[in-house]
Structures are given as C-alpha cells and as structure tokens.
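Structural features, examined
Here is what each chain is made of, one letter per residue.
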Amino acid sequence: MTLAYIGIGSNLEEPRAQVSRAFDELARLPRSRLARRSSLYRTAPLGHADQPDFINAVAALDTELGAEELFRELQAIEHRHGRTRSFANAPRTLDLDLLLYGHASIAGPGLVVPHPRMHERAFVLQPLLEIAPAAQIPGRSAAAASLAACEQQKIERLA
Ligand code: PH2
Ligand code: MG
Ligand code: MG
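This is a predicted model, so every value here is computed, not measured.

**Considerations on the coordination of the magnesium ion (ligand 3)**
Protein-derived ligands of the magnesium ion (ligand 3) are D95 (OD) and D97 (OD), with the metal-ligand distances lying across 2.1 to 2.2 Å. In this structure, the magnesium ion (ligand 3) is positioned 3.5 Å from the magnesium ion (ligand 2), and both are ligated by D95. The residues D95 and D97 share a single accessibility class, namely buried.

**Notes on the nonpolar core**
The biggest cluster of nonpolar side chains holds 27 residues, and the ones touching the most others in it are I8, F23, L26, L70, L96 and L98. Those elements that place two or more of their residues in this core are strand 1 (2-10), helix 1 (15-27), strand 4 (54-63), helix 2 (67-80) and strand 5 (95-101). Apart from residues lying up to four places away in sequence, I8 is in contact with V19, A22, F23, L26, I55, N56, A57, A59, L94, D95 and L96. Listed in part, the 18 residues of the second largest apolar core include L125, I131, I137 and A143.

**Some words on the site of ligand 1**
Neighbouring residues of ligand 1: T43, A44, P45, L46, F54, N56, N89, R92, D95, R121 and F123. With respect to ligand 1, the backbone of L46 contributes an N or O atom lying 2.7 Å from a nitrogen atom. Surface burial for ligand 1 is 95%, taken as the share of its 340 Å² of free accessible area covered by protein chains. Taking a 2 Å distance to the grid points as the criterion, the majority of the atoms of ligand 1 fall inside the largest pocket.

Reading the values: rules and limits
- Each chain has its residues counted from 1, following the order in which its sequence is written.
- The lettering of chains begins at A and the numbering of ligands begins at 1, in the order of writing.
- Side-chain atom pairs in this predicted model are given and counted only at pLDDT of 80 or more, local residue features only at pLDDT of at least 70, and totals for whole chains, interfaces and linings cover all residues.
- Here the side-chain values reflect all heavy atoms present in the structure, with hydrogen atoms and water set aside.
- Coordination shells were defined by N, O and S atoms within 2.8 Å of each metal, extended to 3.2 Å for Na, K and Ca; water is absent from the atom set, which can make sites look incomplete.
- Remark: exposure states derive from per-residue accessible area (1.4 Å probe, protein chains only) relative to the maximum for the residue type, with buried under 20%, exposed over 50%, and partly exposed in between.
- Grouping buried Ala, Val, Leu, Ile, Met, Phe, Trp, Tyr and Cys residues that are joined through side-chain atoms within 4.5 Å yields what is termed a nonpolar core.
- Only DSSP runs of H or I reaching four residues or more are called helices, and only runs of E reaching two or more are called strands; each is numbered from the N terminus.
- The criterion used for residue contact is that any of the two residues' heavy atoms lie within 4.5 Å.
- For each residue, the test is whether any non-hydrogen atom lies within 4 Å of the molecule or strand; if one does, the residue is near.
- Counting of polar contacts relies on pairs of N or O atoms within 3.5 Å, with two restrictions inside protein: one atom must be capable of donating a hydrogen and the other of accepting it, and residues adjacent in sequence are counted only when both atoms are side-chain atoms.
- With residues, only the protein chains shown are counted as cover, and all accessible areas are computed by Shrake-Rupley using a 1.4 Å probe.
- In this analysis a 1.4 Å probe is tested at points of a 1 Å grid over the protein atoms alone, and where it fits but cannot get out there is a cavity; an open set with protein on both sides within 12 Å along at least five of seven lines is a pocket; lining residues have an atom within 4 Å of a point.
- Think of it this way: if more than half of a molecule's atoms are within 2 Å of a pocket's grid points, that molecule is in the pocket or cavity.

Below, the structure written as structure tokens:
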C-alpha cells in the first residue's frame, strides 16, 4: 500500500459539486481506500487571472495502484467530468493532480511527482497540511515551510 495525495480543483459548472463528486469517485477506485478528505477551499486563480475563483481540496488515498495506473485513473475521472484541454491554466470542470506518491520521485514523460509546482501554491499546501500536517515534499522541504512563502495568495476555507 502506498499513501498518495491528490489535488482537486474546479472552477466551472458548479465547482463545489464537482469536487464532492470527485471525492466519491476517488473512494471507488480499485485496490484503493480513500483515507482522508480535506475541507473545501475557495481560492483566487493563479497563473491565468481572468477566470472564476476555484474550489480546491486534497484527498489522501491508500492504494495498491502503481503511480502510472493511478494517474490514468485520475485522467479517466477528469474525462467523465467533461474536462477539455484548451490552454495552460485554463478554467476547468475538474483537475486531479497526483501531488505525492509515497516518498517517490518520478520523472516520466507524462507524469512528474512530486507535482512540480505544488510547493508554490497555497491552494495545494493548505488543504494538504490540514490532513497531513507533517507532509514532506521529496526533493524540497516540509510542506509547512513552503506555505509560509505563499501568504499573499487568497484562500478561504469553506464551512
Ligand atoms: N490550477 C491551475 C492553475 N491555477 N488556481 C487555483 N486557485 N486553483 C487551481 O486549482 C489552479 C489554479 C492549474 O492546474
Ligand atoms: Mg493542476
Ligand atoms: Mg492537472
């Protein structure tokens, strides 16, 4: 079993419902158990500013799936949510990012773990730290140390 962390994001077509459904679909993945779900967070868009706010969250998944297998399952869920790919950082119905896969560092053609930008994003780090306060990012520092550098990013935990 490997403990993987998955970043969830949506800013189109009822984002809160998209994210809630995504948690349920992660819970149904084969050879896997949804271990924890973070709260939902409303966050200002990063990268491409002219788009709606996002709903973001993080899931912890205990899984026997390999990293590539899990990555393909995540893409299949995105696809079922009507995800299309237009340009980088475009608005999306659902984005599922494999943030961490145990303590592994992976640099494949289609999959890079840890997620290469997670350490600079409050919308990843804050929900991650909610469910894994001691999280370490392989090749970098503790997630908590990275969050300190993101304090200007707008993020609000939803009730
Ligand atoms: N995802 C991006 C780019 N910018 N901004 C927020 N607030 N939340 C996201 O999930 C997000 C983003 C690329 O995946
Ligand atoms: Mg993403
Ligand atoms: Mg993605």
